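Structural characterization, general
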Amino acid sequence: MSASMSLSSGLASPETTNAAAGSVTNLVRALTSDRSAQVHSGGPTIADLVREELRPLVKSWLDSNLPPLVERLVRAEIERVISRAAI
């Protein structure tokens, strides 16, 4: 890059640059005013990252705790039904 062309000099005039920036600002405001619209840079969201990190933890917990939990709850329900039965 030559000394006469700096990073601050662009192809568009300052007026055009300001008008374009204003248009982008208005577009972002319009999109963010609708709560269902998400504006991000195209990368993963925080929710995506949290989900990815929690998945193995939840899987491990379920693998360890779900079978005994289900067995205990089913056993308690069967005992409750049998206690009501007129035998």
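Quick caveat: nothing in here was measured; it's all calculated off a predicted structure. (Residues numbered from 1 in each chain as written. Predicted model: local features only at pLDDT ≥ 70, side-chain atom pairs only at ≥ 80, totals over all residues. Heavy atoms only, no water.)

1. Comments concerning the overall build of the protein chain
Heads up, the condition is: Think of it this way: any DSSP run of H or I at least four residues long counts as a helix, any run of E at least two long counts as a strand, and we number them from the N terminus. Relative accessibility under 20% of the residue-type maximum defines a buried residue, over 50% an exposed one, and the middle range a partly exposed one, all with a 1.4 Å probe and only protein chains included. For the accessible areas, the method is Shrake-Rupley and the probe is 1.4 Å, while residue cover comes only from the protein chains on display.
Counting its secondary structure elements, the protein chain contains 2 helices and 0 strands. When burial is assessed residue by residue, the protein chain has 0% of its 87 residues classed as buried. Looking at the protein chain as shown, the accessible area adds up to about 8000 Å², and 63% of this sits on carbon and sulfur atoms.

2. Re the pattern of salt bridges
For clarity, the cut-off: Take a side-chain nitrogen of Lys or Arg and a carboxyl oxygen of Asp or Glu: if they are within 4 Å of each other, that pair is a salt bridge.
Tallying each qualifying case throughout the model produces 4 salt bridges. Here aspartate 48 makes a salt bridge to arginine 51, at a shortest N to O gap of 3.1 Å. One end of the pair, aspartate 48, and the other, arginine 51, are both in helix 2 (residues 46–84), 3 residues apart, so they sit about a helical turn from each other. The exposure class assigned to aspartate 48 is partly exposed, which follows from its relative accessible area of 35%. Here glutamate 77 makes a salt bridge to arginine 80, at a shortest N to O gap of 2.4 Å. Placement of both glutamate 77 and arginine 80 in helix 2 is noted, with a separation of 3 residues, approximately one turn of the helix.

3. Some thoughts on the confidence of the model for the protein chain
As a reminder, the rule being used: Note: pLDDT gives the predictor's confidence per residue, expressed from 0 to 100. Every residue pair with non-hydrogen atoms within 4.5 Å of one another is taken to be in contact.
Across the protein chain, the average pLDDT comes to 78, with 74% of residues at or above 70. In this model residues 1–7 is a low-confidence stretch, pLDDT under 50, and it forms 2 contacts with partners more than four residues away in sequence or in other chains.

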